[in-house]
Amino acid sequence: MLRLKVIVPVFLLLSVLFWGCPNSKPVEPYQPTPYTIDIPKGFPTRLNIPKDNPMTVEGVELGRYLFYDGRLSGRTQPDSLMSCSTCHVQSSSFEAGINNPRFPGGIVKGLNGVATHHVMLPMINLVWNFSGYGWNGYIWPENPNPNLRNIEDMVYAAVTAKNEIDGDTTRIKNLFQSIKGYPELFGRAFGSDKVTFKNIEKAIAQFVRTLISANSKFDKYLRGEEQLNQSELHGYVLFTTEQGADCFHCHGGAGNPLFTTHLFYNNGKDTVFTDPMDRYAITGKERDIGAYKATTLRNIEFQAPYMHDGRFKTLEEVIDFYSEGLHNSPYVNPLMHHVADGGVHLTPTEKTDLINFIKTLRDDSFLTNPAFSKPDKFPDDYK
Amino acid sequence: MKFYKYLSIQLLVILTAVVVFQSGCCTGKPPEPVPPAGYLYLSFQHVVDGNPIVFDTMIYQNEAGNPYLVSEIQYFVSDFTLWKNGQALLLDKDEDIHYVDTDIPKSLYYSPSDNIYEGDYDSLTFVFGITEEKNRSFMFVNPPESYMFWPEHLGGGYHYMKLNGKWRDTNEVVQPFNFHLGIGQTYDAQGNITGFVQNYFTVHLPASSFKIVNGLTTKAVITMHVDEWFKDPNTFDFNYWGGHIMENQQAMRAAIENGHNVFSIKFE
């Protein structure tokens, strides 16, 4: 009796204490490993990761397979395979590249043989973009249309677009359900072996968010690890001064290491604007007529052809345009404040210096990072 | 019977102990008595010639006679300070740099997190831009503030303001202007930078006495009179100064001198 008198209260006390302890969790069968993005020094700390798709190691692994697996088209015949990587090629900074053997001039075409409306955009540091994906930013987090808010939705768009993968989502999910190894990967990433298209979207989006470039010569210069040469340094000064080349207000610099604001501007290429898919198509604001996203200049040397319509084939042509080829119009953005003079008027040496600086934004480790590259084989040993 | 009665008493004691223990550990110490205090809620509006600004439309004319339009205004205000009998009370101490952007509705409101002791205050002042002590490069890593960076080469830190628009020049050509203010530079005859000039200034608001009442929020509207940037004492002529002034301390100086009466305040 006496022993019971002591044991019972002690037991009760302990059990009540433990019951109230906030750390005790029921054991879960599905426990993916969180994937942490290491934020490079000076980069924004806010990341565009939707709440319903947290990054996990398993999700990223699955996403990488799907990104590269040509069967994402829902077809298995060799001439009908297409995946993200068909157009988004790592060695070209996830653009097609102007020397792409399949797409001459870098002009990509969908499985139906029709070219995309605009040329490619790269996949660099997209996890920091909150203002809009696509040249006109038609996919953005606050979009009233819940189906056009993030990279997940871009996966759907790319897979179903006639002039891209031209796929059928039911057929695609059934195909992956039947491929040995994939259901298990879905299980580990999302807690269910049943393949859904939503989970295909989520996995690929997770992988795309890992594609981070922060190791260019310029990054090393900022970290004090490497020195820029005279020409590059002079180019940098030109890049960041209004009386120089005046690029930084839209394309960033040391204080904005993304080298873009992810915002939309009319940069003075034309006087007549007829593209039905410019920024104006999204906002309906007159100031957005002929406006497109200022792309990041990281790895830009691999991202020809340039501008949304691919009108320039080389960086030299782009610099000539900003130097003396601008066109004034009511819609040109005020930040193009040299427009009335036709450009910023650089000397040949200044042009060379500016290009040399822009090339310090080249990040070879990004172009070759094995974590971003095509897996040696797919889960069913298919290559 | 006796045992169960004993058990229920024990249980009661234990449960009470647990409740006291747990609530003590979760909510911390009993709250200290709070002196009566209220809050301040500031909103920012922008007017031209006394009327709410209309963007992207060439309907304005400045003191120099330049027809102009404004596309957007982006700026920092900082060091909000309340004054009472000559004593200063700095709000929000370290996070007191507020970014205003006419394209971002939520930036048009600022509520200092400090609660403010009840009483009558004589005036409110703030700094236009960021003081030398606080204007450190790389302190803002997140947009939109990070987009305001001022190039290292020109003095570093952040733009105080980007006021972007267009004016019609003497040849009837519509040209963009970037009325950007920040750290200025001095140059030698060869055009090399020899030093930097801090251009921020303290804004003293006329008629800014107000009352803070316990538990209540005092609201005030801070108005930027955009046209005042271009006059009094200096008539700012775009045809003379051109569309970009970041590397032109004389032009920035003229603008800053005009800044003294650009802002006004009204308590609700």
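Keep in mind it's a predicted model, so treat the numbers as computed, not measured.

Right, let's get into the pairing of strand E4 (residues 67-84) of chain B. Regular strands place their side chains on alternate faces of the sheet. Residues and elements named next belong to chain B. Counting buried residues in E4 gives 16 out of 18 residues, a clear majority hidden from the surface. Inspection of the sheet shows strand E3 (residues 60-61) paired to E4 by two bridges, in the antiparallel sense. Of the residues in E4, the one forming a bridge with Tyr60 is Tyr68. Hairpin connection, E3 to E4: the antiparallel pair is bridged by five residues, and Gly65 has positive phi, about 90°. Alignment of E4 against strand E11 (residues 161-168), held across seven bridges, turns out to be antiparallel. Within the sheet, the bridge partner assigned to Glu72 lies in E11 and is Asn164. Note that E4 and strand E6 (residues 97-101) share five bridges and pair antiparallel. Bridge pairing in E6 places Ser78 opposite Ile97. Here E4 pairs with strand E10 (residues 123-128) via five bridges, running antiparallel. Its bridge partner being in E10, Ser78 is matched across the sheet by Val127. For E4 and strand E5 (residues 87-90), the ladder comprises four bridges, and the chain directions are antiparallel. The residue of E5 that forms the bridge with Lys84 is Gln87.

This paragraph deals with the packing of aromatic side chains. For any pair of aromatic rings, the description consists of the separation of the ring centres together with the inter-plane angle of the planes. Counted under the stated rule, the structure contains 52 aromatic pairs over all chains. Seen in terms of ring centroids, Tyr65 of chain A and Tyr182 of chain A are 6.3 Å apart; in terms of plane orientation they differ by 80°. Their pairing is edge-to-face. Residue Tyr65 of chain A is found in helix H2 (residues 57-68), and its partner Tyr182 of chain A is found in helix H6 (residues 182-190); the two are separated by 117 residues along the sequence. The residues Tyr65 of chain A and Tyr182 of chain A share a single accessibility class, namely buried. Taking 6.1 Å as the distance between ring centres and 50° as the angle between the ring planes, the aromatic pair formed by Tyr75 of chain B and Phe263 of chain B counts as tilted. Separated by 188 residues along the polypeptide, Tyr75 of chain B in strand E4 and Phe263 of chain B in strand E18 (residues 263-267) bring together distant segments of the chain. Considered together, Tyr75 of chain B and Phe263 of chain B belong to a single accessibility category, that of buried residues. The ring of Phe130 of chain A carries Arg46 of chain A above its face, with NZ or CZ at 4.5 Å from the centroid. Note that Arg71 of chain A overlies the ring of Tyr382 of chain A, its terminal NZ or CZ placed 3.9 Å from the centroid.

Residues and elements named next belong to chain A. For chain A, the domain assignment lists domain 1 (57-212) and domain 2 (217-366). For domain 1 and domain 2, the distance between their C-alpha centres works out to 28 Å. Between domain 1 and domain 2, the contact holds 32 residues from the first and 27 residues from the second. The three residues of domain 1 that bury the most area against domain 2 are Ile98, Trp135 and Asn136, which together make up 26% of that side's buried surface. Between domain 1 and domain 2 we count zero salt bridges in total. Here the side of domain 1 that touches domain 2 is composed, by residue class, of 15 nonpolar, 16 polar and one charged.

Thresholds applied
- Residues numbered from 1 in each chain as written.
- Chains lettered and ligands numbered in written order.
- Predicted model: local features only at pLDDT ≥ 70, side-chain atom pairs only at ≥ 80, totals over all residues.
- Heavy atoms only, no water.
- Buried < 20%, exposed > 50% of the residue type's maximum accessible area, 1.4 Å probe, protein only.
- Helix = DSSP H or I, 4+ residues; strand = E, 2+ residues; numbered from the N terminus.
- Pairing = 2+ DSSP bridges.
- Phe/Tyr/Trp six-rings, centres within 6.5 Å; stacked < 30°, edge-to-face > 60°.
- Lys NZ or Arg CZ within 6 Å of the ring centre and 35° of its normal.
- Domains from an automatic or database assignment.
- Contact = heavy atoms within 4.5 Å.
- Buried area = accessible area lost by both parts, 1.4 Å probe.
- Salt bridge = Lys/Arg side-chain N within 4 Å of Asp/Glu carboxyl O.
- Nonpolar A, V, L, I, M, F, W, Y, C, P; charged D, E, K, R; others polar.

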